[in-house]
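What follows is the residue order along each chain.
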Amino acid sequence: MMMERLIPVVVVKDLKETEVILNALQREGIGCAEITFRTACAEEAIRLAVQKFPQMEIGAGTVINGGQCRRALAAGAKFIVSPGLSEEVAELCRERNVPYYPGCVTPTEIMRAIALGITTVKFFPANVYGGLKAMKALAAPFPQIKFIPTGGVDGSNLNEFLSWDKIAAVGGSFMVKEALEKWVKS
Ligand code: 3PG
């Protein structure tokens, strides 16, 4: 189970950037990274990250089908994140005992996740789907569910999210941006 409460959403455009990004995150005390399947080198970036940063929890994000999930798992991803819910991805992760965090923002989506044995969901895009207020309303019928709000999270609202005990973790690209800015300045 993922222990980190900050999940940087990483987009690696060029494989060479992988180490710079992960070094910068690590220097900020961040112990995990969600490398997204939005670029052609995502799979290789995950493989490289798993090899070079064994102390970090490297997962795959933007995994939208079984094919990508198989590739991510073969590259060594320790957790899988989707913007929505894929039953195929859920099944593959269950078979391999790898945590899967599907994007769920409606009661029906959360009920599908529960039926698949999932109790932690990504809440994406958090800023569009009502943020903390919406998650608090959803927690009433679904007390077993924990959330990972992502999308529009930044330094201005991060602590508000983290202070609620139903927040398993918070995801966002801002952590990568900030870590790289500090890295460049140093
Ligand atoms: C994601 O896929 O999780 C989002 O693109 C991250 O959203 P953000 O850039 O607003 O943090």
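Please refer to the structure higher up on the page.
Reading guide: rules and limits
- One numbering rule holds for all chains: residues counted from 1, following each sequence as written.
- Given that this is a predicted model, residues contribute local features only at a pLDDT of at least 70 and side-chain atom pairs are listed and counted only at 80 or more, while totals for whole chains, interfaces and linings are drawn from all residues.
- Hydrogen atoms and water are omitted, and side-chain values are computed over all heavy atoms in the structure.
- Think of a salt bridge as a Lys or Arg side-chain nitrogen and an Asp or Glu carboxyl oxygen that are within 4 Å of each other.
- The classification of residues rests on relative accessible area computed with a 1.4 Å probe and restricted to protein chains. Under 20% of the type maximum is buried, over 50% is exposed, and intermediate values are partly exposed.
- In this description a helix means any DSSP run of H or I spanning at least four residues, a strand means any run of E spanning at least two, and both kinds are numbered starting from the N terminus.
- Each residue is tested against the molecule or strand, and it is near if at least one of its non-hydrogen atoms lies within 4 Å.
- Polar contacts, as counted here, are pairs of nitrogen or oxygen atoms within 3.5 Å of one another; within protein the pair requires one atom able to donate a hydrogen and one able to accept it, and residues that are adjacent in sequence qualify only if both atoms are side-chain atoms.
- All accessibility values rest on the Shrake-Rupley procedure with a 1.4 Å probe; residue burial counts only the protein chains present in the view.
- Ring geometry is summarised as follows: Phe, Tyr and Trp rings, the Trp one being its six-membered ring, pair when their centres sit within 6.5 Å, and such pairs are stacked at plane angles under 30 degrees, edge-to-face over 60 and tilted between the two.
- For a Lys NZ or an Arg CZ to count as sitting over a ring, it must be within 6 Å of the ring centre and within 35 degrees of the ring normal.

(A) Quick look at the pattern of salt bridges. If you walk through the whole model with that rule in mind, you get nine salt bridges. Between Asp 14 and Lys 16 there is a salt bridge whose closest N-O contact spans 3.4 Å. Overall, the relative accessible area of 33% leaves Asp 14 in the partly exposed class. In this structure, Glu 44 and Arg 47 form a salt bridge, with 2.7 Å as the shortest nitrogen-oxygen distance. Here Glu 44 and its partner Arg 47 are both found in helix H2 (residues 42–52), three residues apart, which amounts to about one turn of the helix. The class for Arg 47 is partly exposed, based on a relative accessible area of 25%. What emerges from the salt-bridge pattern is a single network uniting Glu 43, Glu 44, Arg 47 and Arg 71.

(B) Inspection of the site of the ligand at higher detail. Neighbouring the ligand are Val 9, Arg 38, Lys 122, Phe 124, Thr 150, Gly 151, Gly 152, Gly 172 and Ser 173. For the ligand, an oxygen atom lies 2.8 Å from a polar atom in the side chain of Lys 122. Within the side chain of Ser 173, an N or O atom sits 2.5 Å from an oxygen atom of the ligand. Across the complex, the protein chains shield 79% of the 310 Å² of accessible surface that the ligand would expose by itself.

(C) Broad picture of the packing of aromatic side chains. Applying the stated criterion across every chain, the model contains three aromatic pairs. Between Phe 79 and Tyr 101, the ring centres sit 6.3 Å apart and the planes meet at 55°, which makes this aromatic pair tilted. Of this pair, Phe 79 sits in the loop between helix H3 (66–74) and strand S4 (80–81) while Tyr 101 is found in strand S5 (residues 100–101), placing the two residues 22 residues apart along the sequence. When its relative accessible area of 3% is taken as the criterion, Tyr 101 is described as buried. Ring centres of Phe 123 and Phe 147 lie 6.1 Å apart, and the angle between their planes is 90°; on these two criteria the pair is classed as edge-to-face. In this pair, Phe 123 is assigned in strand S6 (residues 120–123) and Phe 147 in strand S7 (residues 146–149), connecting sequence segments 24 residues apart. Pairwise contacts between aromatic rings join Phe 123, Phe 147 and Trp 164 into one cluster. Residue placement shows Lys 122 over the ring face of Phe 124; its charged tip is 4.6 Å from the ring centre.

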